[in-house]
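Here is what each chain is made of, one letter per residue.
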Amino acid sequence: MTEQFVHLHVHTEYSLLDGACRLDQLAQRVAELGMPAVAMTDHGVMYGAIDFYKACQAVGVKPIIGCEIYVAPNSRFERSGGQGPRTHHLTLLAENEAGYRNLLQIVSQAHLEGFYYHPRADVELLSDHAEGLIALSACKQGAVAQAILEGNYAAARQQAEILRELFGADNFYLELMDHGLPDQKKIIAAEVQLSEELGIPIVASNDVHYVRREDAEAHDVLLCIQTQASLDDPNRMRFAADEFYLKSVEEMAELFGEIPEALSNTVQIADRCNLELSLGAVRLPHVEVENGYDVTSYLRHLCEQNIEKRYGTERPEVRQRLDYELDIIDKMNYSGYFLIV
């Protein structure tokens, strides 16, 4: 039995109408279970990152900020009719500040450039922003797992090699999940084989969607709201088991005791993830100004130019207001200030 385990695949309340983990309850439960860290990997978004970070710090748990992103099969710019080509999932974790910034870029561009039913990234975007990120092959909607379920082991191997190349040999893991579902047994066996053949490490996770087992019913209601279905509908989308909760070290060891490295690797990954955010500090980009100006005097210069462009004539009341606002800026010594004149 492993002495420790860290959950690296967790959907919080910010996986809207899919995750049912309240941030404070999640962090408190992790602390109760004696786990040193926990990851946040919401579907395609990072809205909850700062609140998650604060909630974990409040109870002495290391926060690992991540995201389970959607990856387009080709270019993120491609669109097609109907549901379009199927996207695949990929779990990304920020190892450091560079990884956090890159994850922000990936998620932002997935929304701005790749949104089609979901915010989608692609290989190009991942390649440009891979530094500082640790990637896990995700749930059965991941590219590797999907190829396995389709009976195409060669394609699964190819997808694993592509992801290893993208993120680096030390930064990509084959992700194993076991909620007692038949498909997952097939995926586990094939991914263990891939690990042996390709030397890609494996890691266990539990695809957490709610904090405790008894929360499964509430989560089921969320899914009904999401899909506009009734609890009485036998054909509605639902999770096939009540196993998607924050399991204890002992429960995870019972599932993966025969693959101890899958458990110990969770702790190794957590040890590598050391993102520290400076909250409350103003962090503004450096602004280049013309010779002879500092930031404040250049702002005054631009504002005065704009007064002339907008009004064409002298406007004493506007000039008076401008002087008042700029005097405040001078006293604050704060360049991150915007004026509309």
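Bear in mind the structure is a predicted one, so any value in this text is a computation, not a measurement.

Caption draft 1: Highlighting the overall build of the chain. The helix and strand tally for the chain stands at 12 helices and 7 strands. Seen through its principal axes, the chain has C-alpha atoms that stretch 80 × 45 × 45 Å. Burial analysis of the chain (341 residues in total) assigns 47% to the buried set. In the chain, the share of contacts with a sequence separation of at least 24, taken over all contacts with a separation of at least 6, comes to 77%. On the chain, roughly 17,200 Å² of surface is accessible, and the fraction owed to carbon and sulfur atoms is 48%. Looking at the chain, you have 28 positive and 53 negative side-chain charges, and the mean spots of the two groups are 5 Å apart.

Caption draft 2: Molecular detail of the nonpolar core. Ranked by internal contacts, the top residues of the largest apolar core, which has 67 residues, are Ile65, Ile69, Leu90, Leu92, Leu126 and Phe167. Residues contacting leucine 92, with those up to four places away along its chain left out, are Gly66, Cys67, Ile69, Leu103, Ile106, Leu126, Leu133, Ile134, Ala135 and Phe167. Leu8, Ala39, Val203 and Cys273 belong to the second largest nonpolar core, which has 13 residues in total.

Caption draft 3: Main features of the pairing of strand β6 (residues 172-176). Among the 5 residues of β6, 5 are classified as buried, and the element is accordingly described as predominantly covered. Neither face of β6 is open: one carries Phe172, Leu174 and Leu176, the other Tyr173 and Glu175, and all of them are buried. Note that β6 and strand β7 (residues 202-204) share 3 bridges and pair parallel. Counterpart to leucine 174 in the pairing with β7 is isoleucine 202. Between the parallel elements β6 and β7, the chain passes through helix α7 (residues 182-198) in a crossover that is right-handed.

Caption draft 4: Fine view of unusual backbone geometry. Notably, leucine 17 is not glycine yet its phi reads approximately 60°, a positive angle. Along the polypeptide, leucine 17 turns up in the segment before α1 (23-32). On the basis of relative accessible area, leucine 17 is assigned to the partly exposed category, the value being 33%. With a phi close to 55°, glutamine 228 is a non-glycine residue in the positive phi region. Relative to the helices and strands, glutamine 228 is located in the loop between α8 (216-227) and α9 (249-256).

Caption draft 5: Up close: the environment of alanine 72. Here alanine 72 shows up in the loop between β2 (62-71) and β3 (88-94). Judged by its relative accessible area of 5%, alanine 72 is buried. For alanine 72 and histidine 89, which are 17 residues apart along the polypeptide, the C-alpha to C-alpha distance reads 9.1 Å. If we skip the residues at most four places from it in the chain, alanine 72 touches Thr87, Arg120 and Ala121.

Caption draft 6: How the structure looks around the packing of α1 against helix α2 (residues 49-58). Two numbers describe how α1 lies on α2: the axes approach to 9 Å, and their chain directions differ by 35°. Crossing hand, α1 versus α2: right-handed. Each of Leu23, Asp24, Leu26 and Ala27 in α1 lies in contact with α2, whose residues at this interface are Asp51, Phe52, Ala55 and Cys56. Its residues placed into classes, the contact of α1 with α2 shows 6 nonpolar, no polar and 2 charged.

Rules behind the numbers
- Residues numbered from 1 in each chain as written.
- Predicted model: local features only at pLDDT ≥ 70, side-chain atom pairs only at ≥ 80, totals over all residues.
- Heavy atoms only, no water.
- Helix = DSSP H or I, 4+ residues; strand = E, 2+ residues; numbered from the N terminus.
- Buried < 20%, exposed > 50% of the residue type's maximum accessible area, 1.4 Å probe, protein only.
- Contact = heavy atoms within 4.5 Å.
- Areas by Shrake-Rupley, 256 points an atom, 1.4 Å probe, with all protein chains shown as cover.
- Lys, Arg positive; Asp, Glu negative; His and termini not counted.
- Charge placed at Lys NZ, Arg CZ, Asp CG, Glu CD.
- Core = buried A, V, L, I, M, F, W, Y, C linked by side-chain atoms within 4.5 Å.
- Pairing = 2+ DSSP bridges.
- Right-handed = clockwise from strand over helix to strand, strands pointing away.
- Axes fitted to C-alpha atoms, helices over the stretch in contact; angles between N-to-C directions.
- Left-handed = near helix turned anticlockwise from the far one by under 90°.
- Nonpolar A, V, L, I, M, F, W, Y, C, P; charged D, E, K, R; others polar.

Function-wise, these values are silent; they only describe arrangement.
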